[in-house]
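The residues making up each chain are set out below.
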Amino acid sequence: MLHEFLLAAARTAPHRPAVVEFLGDDRTRVVSYRELDALVGRYAETLRGLDLPVGERVVLDSDTSAGAIAALLACATLGLTFVPVSPETPDQRVRTIVAATEPALYLSGGEGARPGVEGGFGVARFGPEGCEILRRPASHPESPARPSQGPRREVADTDIAYMIFTSGTTGRPKGVMMSHRAVTSFYRGMLTQRIVGPHDRVATTSPLQFDFSLLDIGLALASGAAVVPVPRARLRWPRRFLRVLRDTGASQVNGVPSIWRQVLRFEPERLAQLRSIRGVLFCGEDFPLPELRALRRALPEARLVNCYGATESMAASFTDVPDPLPPELTRLSIGFAHPGAEMLLVGEDGRLIEEPDVLGEIHLRSPALFSGYWRDPATTDATLVPDPVDPGSGRRVLRTGDLAYRGEGGELYFRGRTDSQVQIRGNRVELGEVERRLLEHPAITAATALALRGPDGETELAAFVVVAPGVGERETEVELTDFLAAALPGYMVPGELRALPALPVTANGKVDRAALAQLTEAAP
Ligand code: ADP
């Protein structure tokens, strides 16, 4: 079970730090494994008093902190499914999640439920001292199981540990349900990569509603290392972000590529001074190569790991970035699946692709697959599909919607999503291809291409770029069209090309394509 797996160090190394919180002004708070374990026990005891049946949902509204980790582990202990959201999650989105999941409890690190978020759920808050029930759940006439009747059943490994609503960059948001068994088998696969050891301090930068934060928590605690939550507001300020890393002695830093963008632009020297950083793990989208090269220059000794995966399996692969980064490298590999899992490449005709350079869709065989989308059996069936190699085996695999091809050694290269293949005037265009060419221009550090519906109903291409510091934006815009046209057919050259000071990002820190699309509509 999740809590047993993550709290093993409470027995073997109780005095070691489990969480190091940054409090500001050179102050940190260290919570040992013994203290974390005790906190989980206290929270669980309070929640047990509510007598909620196994499988009831608990909305967990918090930043990542020792308290939040204890709260999610307390839920796991009791077989309650936690649904993480964070203070950054807009109220409207919380209301949607509450309406969809009908939680029995709203548990927060703040003052209780937010104004305007209503329902018959109970309300509780947690803090360093313990957990306090502010309101008991109302018994639901439609849900006779609440509060529980009869003896409470045992928690099984197949029970749902958590449910995460995807941010929607890969389609409309869906409630992804992960069982205890799936999460712990994922953690086991991840641990074989030996990314951190018991003396590491793992800085986590993703908000709690993004499962990357649960990956970080698992990576640290299951290794007997410490979690270092980076206050999210500090990420926007390169110096403040680096200050947290310095003061907490972070040795491993995890996050989406965009957390590095401002640091690399404005404070690369200061980053280079942080000698304690031995590893960086990034996940969630392509790391633009010019930026990755800058990261490598600032941290020449660090191990850089490209983690590929989706919420439906937490992650699938961990691939070391080559060291040194060959100058001719144009694409990062997402390698092979972690031990215990396998990434298959399936062509449009359903055939398995083994040879290099042929595009197919990644299908993941893994013990760490999600159980289904909350109350959505049709989408679940479209995503958890019979194993294409052996449909009669009863085994299901995850159809990822991600395109890739193999290299000479069989390793995979991500090429975008199946839905990022668009038709421009009858020609098939891969948006990632346009982005890749843009990134080959020496002045460009980041690029995103979009397909938009033009005024006459035709699909048009637009692209947004970030130029290196000190380079003229206007000149680059003009020059870029020629640069693209020199290598790509005319239909792949975007009609609209704009340089921005920064690319907008979603709540999870990925490039916000919807926000970019709006910019083009607003454009003169
Ligand atoms: P959402 O963005 O909708 O919340 P996910 O976080 O599950 O959903 O997104 C998973 C997707 O992100 C993958 O299917 C893939 O397209 C993309 N992705 C994840 N990791 C990487 C990576 N290392 N390189 C490139 N793309 C990635």
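One can find the structure itself at the top, above this paragraph.
Criteria and thresholds
- Residues numbered from 1 in each chain as written.
- Predicted model: local features only at pLDDT ≥ 70, side-chain atom pairs only at ≥ 80, totals over all residues.
- Heavy atoms only, no water.
- Near = heavy atom within 4 Å.
- Polar contact = N/O pair within 3.5 Å; in protein donor to acceptor, adjacent residues only side chain to side chain.
- Helix = DSSP H or I, 4+ residues; strand = E, 2+ residues; numbered from the N terminus.
- Nonpolar A, V, L, I, M, F, W, Y, C, P; charged D, E, K, R; others polar.
- Pairing = 2+ DSSP bridges.
- Axes fitted to C-alpha atoms, helices over the stretch in contact; angles between N-to-C directions.
- Contact = heavy atoms within 4.5 Å.
- Buried < 20%, exposed > 50% of the residue type's maximum accessible area, 1.4 Å probe, protein only.
- Arc of directions from axis to C-beta.
- Core = buried A, V, L, I, M, F, W, Y, C linked by side-chain atoms within 4.5 Å.
- Salt bridge = Lys/Arg side-chain N within 4 Å of Asp/Glu carboxyl O.
- Expected span 1.5 Å × (residues − 1).
- Parallel < 35°, antiparallel > 145°, perpendicular 65-115°, else oblique.
- Left-handed = near helix turned anticlockwise from the far one by under 90°.

J.: Please clarify how the site of the ligand should be interpreted in this entry.
T.: Of all residues adjacent to the ligand, which total 20 residues, the nearest are Ser167, Thr169, Asn306, Thr311 and Asp402. A distance of 3.1 Å separates a nitrogen atom of the ligand from a polar backbone atom of Gly284. A distance of 2.9 Å is found between an oxygen atom of the ligand and a side-chain nitrogen or oxygen belonging to Lys510. Broken down by secondary-structure element, the contributors of at least two residues to the shell around the ligand are strand E14 (303–308) and strand E21 (412–417). Among the elements that line the shell around the ligand, the one with the most residues is E14, at three residues. Of the residues that constitute the shell around the ligand, the class distribution is five nonpolar, ten polar and five charged.

J.: Just to check I follow, could you spell out the sheet that holds strand E25 (residues 459–467) for this structure?
T.: Sheet strands pair by backbone hydrogen bonding; their relative direction is either parallel or antiparallel. In space, the three strands of this open sheet follow the order E24-E25-E26, with mixed pairing throughout. Two strands in the sheet have a free side with no partner beyond their single neighbour: strand E24 (444–453) and strand E26 (496–499). Along the sheet, successive strands turn relative to each other by an average axial angle of 20 degrees, direction set aside. Direction of pairing for E24 relative to E25: antiparallel, over a ladder of nine bridges. Counted as the bridge partner of Ala449 is Ala463 from E25. Along the sheet, helix H13 (residues 431–439) contacts E24, E25 and E26; its crossing angle with E24, the most-contacted strand, is approximately 150 degrees.

J.: Honestly, helix H5 (residues 91–101) in this entry has me stumped. Any pointers?
T.: For an α-helix, the turn length of 3.6 residues means that residues three or four places apart are oriented alike. Every buried residue belonging to H5 is among Val94, Ile97, Val98 and Thr101, and all of these are buried. In an axial view of H5, the angular spread of the buried residues amounts to 100 degrees, which keeps them on one side of the axis. On its buried face, H5 is in contact with strand E3 (57–61), strand E4 (81–85), strand E5 (105–108) and strand E8 (160–165). Of the residues flanking the end of H5, it is Glu102, one or two places downstream, whose phi is positive at about 45 degrees.

J.: In this structure, what is going on with the nonpolar core? I would like to understand it.
T.: Proteins that are soluble and globular tend to have nonpolar side chains buried together. Core analysis: the largest hydrophobic core is formed by 124 residues, its most contacted members being Leu107, Tyr187, Leu245, Trp260, Leu271, Leu292 and Leu295. Per-element accounting of this core gives the leading share, eleven residues, to helix H4 (residues 66–78). Apart from residues no more than four positions distant in its own chain, Leu271 is found in contact with Leu242, Trp260, Val263, Leu264, Ile277, Leu295, Ala298 and Leu299. Ile424, Ile444, Ala449 and Leu488 belong to the second largest nonpolar core, which has 21 residues in total.

J.: Before we go on, may I ask you to explain the side chain of Ser185 in this structure?
T.: Looking at where Ser185 falls in the secondary structure, it is placed in helix H6 (residues 180–191). For Ser185, the contacting residues outside a window of four places in its chain are Pro367 and Ala368.

J.: Honestly, the side chain of Thr445 in this entry has me stumped. Any pointers?
T.: Within the secondary structure layout, Thr445 lies in strand E24. Apart from residues lying up to four places away in sequence, Thr445 is in contact with Arg265, Pro288, Pro290, Glu291, Leu439, Val466, Val467 and Ala468.

J.: What should I look at first to understand the pattern of salt bridges in this one?
T.: Here the idea is simple: oppositely charged side chains can pair when their charged atoms come close. As enumerated under the stated definition, the model contains 32 salt bridges in all. Salt-bridge contacts for Arg153 lead to Asp159; the nearest nitrogen and oxygen are separated by 2.8 Å. With a relative accessible area of 11%, Asp159 lands in the buried category. Arg513 is paired through a salt bridge with Glu435; the nearest N and O atoms lie 3.0 Å apart. Highlighted residues: Arg513 in helix H15 (residues 513–522) and Glu435 in helix H13, separated in sequence by 78 residues. Overall, the relative accessible area of 37% leaves Arg513 in the partly exposed class. One salt-bridge network, held together by shared partners, links Asp26, Arg243, Arg246 and Asp247.

J.: I tried to follow the pairing of strand E6 (residues 122–126) on my own but got confused; where do I start?
T.: As a general feature of sheets, a regular strand has side chains that alternate between the two faces. Burial analysis of E6 places four of its five residues in the buried class, which makes it a mostly covered element. Judged from the four bridges that link them, E5 and E6 form a sheet pairing that is parallel. When the bridges of E6 are listed, Leu105 appears paired with Gly122. Linking E6 to strand E7 (residues 131–135), which pair antiparallel, is a turn of four residues.

J.: It is not clear to me how helix H3 (residues 33–48) should be interpreted in this structure. Could you clarify?
T.: Its 16 residues give H3 an end-to-end C-alpha distance of 22 Å, which sits within 8% of 22 Å, the value for a rise of 1.5 Å per residue. Where H3 is concerned, the buried positions are Tyr33, Leu36, Leu39, Val40, Tyr43, Ala44 and Leu47. For H3, the angular spread of the buried residues around the axis is 130 degrees, confining them to a single face.

J.: Is there a simple way to think about the packing of H3 against H4 in this case?
T.: Between two packed helices, the angle of one axis relative to the other and the distance separating the axes together describe the packing. Two numbers describe how H3 lies on H4: the axes approach to 8 Å, and their chain directions differ by 55 degrees. The angle between H3 and H4 falls in the class oblique. Between H3 and H4 lies a crossing whose hand is right-handed. Residues Leu36, Leu39, Val40, Tyr43, Ala44, Leu47 and Arg48 of H3 pack against Ala66, Gly67, Ile69, Ala70, Ala71, Leu73, Ala74, Thr77 and Leu78 of H4. Partitioned by chemical class, the residues of the contact of H3 with H4 number 13 nonpolar, two polar and one charged.

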